[in-house]
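If you want the building blocks of each chain, they are given just below.
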Amino acid sequence: MKKYLIPLIILVLALAGGLVYLYTNLEEQKQANEDMQELARLDKQEMENEYERFTLQYSEMKTKINNDSIIEQLTQEQMRTQQLLEELKKTKAEDAREITRLKKELATVRAVLRDYVMQIDSLNRQNEQLRAENTQVKNELAERNTQIAGLSNEKASLSEKVAIAAQLDATNIRLTALKKNNKPVKKIADCKTMQVNFTITRNITAANGNRTVYVRIQNPGGNTLNGGGTFSYENRNLQYTMKKNIEYTGEETSLVLYWDVSQMLEAGDYRVSIFVDGNMIGSKTFSFD
């Protein structure tokens, strides 16, 4: 009975581990999808607010003039804007094609409204009486602008969270000093080659495609072991020691890079920093005698 019990326990544990991994993976995908859906919802809500704001602006503009012909034109454009708003409210945030069409219509409404503003300003200037009559509409417009500003901030915050979730991460960073025979050295002065090993972790949120990985090794004095090039990081250019082009598929990726020593190395702490997509994705310090 014992000889069957142990394999059975191992099988149960393996299945349990697999279920945990599957559950974690599904939760990550679910969260990423929810974030994307929330972005789409916020984008749709922001468009609705703009349509409503334009409708109010047409009301405001009609109080500034006494030209019946222009007032009629403004009324027609206001009704058209209101109709587009109703279409947008009935459209689901996930309907990308319809949202795109209504976004283009919104741009047209904005351009037409701008033209009318220029016409009205050329025909008539505001006076104190008209300002008083427009106070209520302006207050409503200011309130709507405040709501739009709040939505924009919320959308920006959510976009930042999605970007952070998509950022890559480097783990298991190792720096090895090698002799000519590729064996580890006891003293750093005998080093002929620097070997850097690390793993880019799995990330289903990150976009797949080609990436350039930059590795920067700094000596005890803080100077970079120069590989002959620079890269952009936080609005400045940094020297790199090594770089490698890879195709990232979202799965865990292990990398090994080598740098041939071209200068005398001193004992002390050496810091390895790894950069991808303008972000530092990992760093670690190593001590050598």
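None of the values given here were measured: they were computed from a predicted structure.

(A) Examining the environment of E50 more closely. Tracing the backbone shows E50 in helix 1 (residues 2-62). The buried category is assigned to E50, whose relative accessible area is 15%. Separated by 56 residues in sequence, E50 and L106 have C-alpha atoms that sit 8.1 Å apart.

(B) Molecular detail of the packing of helix 2 (residues 68-90) against helix 3 (residues 96-123). As a packed pair, helix 2 and helix 3 sit with axes 11 Å apart at the nearest point and diverge in direction by 160°. Classified by the interaxial angle, the pair formed by helix 2 and helix 3 is roughly antiparallel. Considering the relative orientation of helix 2 and helix 3, their crossing is left-handed. Note on element contacts: helix 3 touches helix 2 through E98, I99, R101, L102, E105, T108, V109, V112, Y116, I120 and L123, opposite I70, Q73, L74, E77, R80, T81, L84, E87 and L88.

(C) Representation of the sheet that holds strand 8 (residues 268-276). Read across the open sheet, the four strands follow the order 6-3-8-9; overall the sheet is antiparallel. Where the open sheet ends on each side, the last strands, each with one partner, are strand 6 (242-248) and strand 9 (279-288). Shown here is a sheet whose adjacent strand axes are inclined to one another by a mean of 20°, direction ignored. Of the pairings in the sheet, the one linking strand 3 (residues 209-218) to strand 8 comprises five bridges and is antiparallel in character. Across the sheet, V215 pairs through a bridge with I274, a residue of strand 8.

(D) Quick peek at the nonpolar core. Among the nonpolar cores identified, the biggest contains 31 residues, and M194, F198 and I217 are the most heavily contacted of them. When contributions to this core are tallied by element, the ones reaching two or more residues are strand 1 (170-178), strand 2 (193-200), strand 3, strand 6, strand 7 (253-260), strand 8 and strand 9. Residue contacts for M194: discarding those within four places in its chain leaves L175, T176, A177, I188, I217, L225, L257, Y258, W259, V261, L265 and Y270. Among the nonpolar cores identified, the runner-up in size contains 18 residues, and Y51, L85, L88 and L113 belong to it.

(E) Spatial organisation of the packing of aromatic side chains. With the rule as written, the count across this model stands at five aromatic pairs. A centroid spacing of 4.7 Å and a plane angle of 15° characterise the contact between Y214 and F231, whose relative ring orientation is stacked. Here Y214, found in strand 3, pairs with F231, found in strand 4 (residues 229-233); they are 17 residues apart in sequence, far enough to count as distant. Of the residues examined, Y214 reaches a relative accessible area of 19% and is grouped as buried. Taking the centre distance of 5.0 Å and the plane angle of 70° together, the rings of Y233 and F275 count as edge-to-face. In this pair, Y233 sits in strand 4 while F275 sits in strand 8, placing the two residues 42 residues apart along the sequence. For Y233, a relative accessible area of 13% corresponds to the buried category. Ring pairing ties together the aromatic residues Y214, F231, Y233, Y240 and F275, which thus form one cluster.

(F) Region of the structure containing the side chain of E77. Mapped onto the elements of the fold, E77 is located in helix 2. A relative accessible area of 18% places E77 in the buried class.

(G) Examining the sheet that holds strand 2 more closely. Reading across from one edge, 1-2-7 is the order of the three strands in this open sheet, with antiparallel pairing throughout. Of all the strands in the sheet, just strand 1 and strand 7 have a single pairing partner and so form its edges. Averaged over all pairs of adjacent strands, the angle between their axes in this sheet comes to 15°, without regard to strand direction. Across eight bridges, strand 2 lies against strand 7 in antiparallel orientation. The partner of T193 across the bridge, within strand 7, is D260.

(H) Structural detail: helix 2. An ideal rise of 1.5 Å per residue puts 33 Å on 23 residues; helix 2 measures up with 33 Å between its terminal C-alpha atoms. Those residues of helix 2 that sit buried are I70, L74, E77, Q78, T81, L84, L85 and L88.

(I) Quick look at the side chain of R211. You can see R211 is positioned in strand 3. Take R211: its relative accessible area is 10%, and that puts it in the buried class. Polar side-chain contacts of R211 include one of 2.6 Å to the backbone oxygen of A207. A polar contact is formed between the side chain of R211 and the side chain of D277, at a distance of 2.8 Å.

Calculation notes
- Residues numbered from 1 in each chain as written.
- Predicted model: local features only at pLDDT ≥ 70, side-chain atom pairs only at ≥ 80, totals over all residues.
- Heavy atoms only, no water.
- Helix = DSSP H or I, 4+ residues; strand = E, 2+ residues; numbered from the N terminus.
- Buried < 20%, exposed > 50% of the residue type's maximum accessible area, 1.4 Å probe, protein only.
- Axes fitted to C-alpha atoms, helices over the stretch in contact; angles between N-to-C directions.
- Parallel < 35°, antiparallel > 145°, perpendicular 65-115°, else oblique.
- Left-handed = near helix turned anticlockwise from the far one by under 90°.
- Contact = heavy atoms within 4.5 Å.
- Pairing = 2+ DSSP bridges.
- Core = buried A, V, L, I, M, F, W, Y, C linked by side-chain atoms within 4.5 Å.
- Phe/Tyr/Trp six-rings, centres within 6.5 Å; stacked < 30°, edge-to-face > 60°.
- Expected span 1.5 Å × (residues − 1).
- Polar contact = N/O pair within 3.5 Å; in protein donor to acceptor, adjacent residues only side chain to side chain.

Geometric descriptors of this kind do not, in isolation, establish any biological role.
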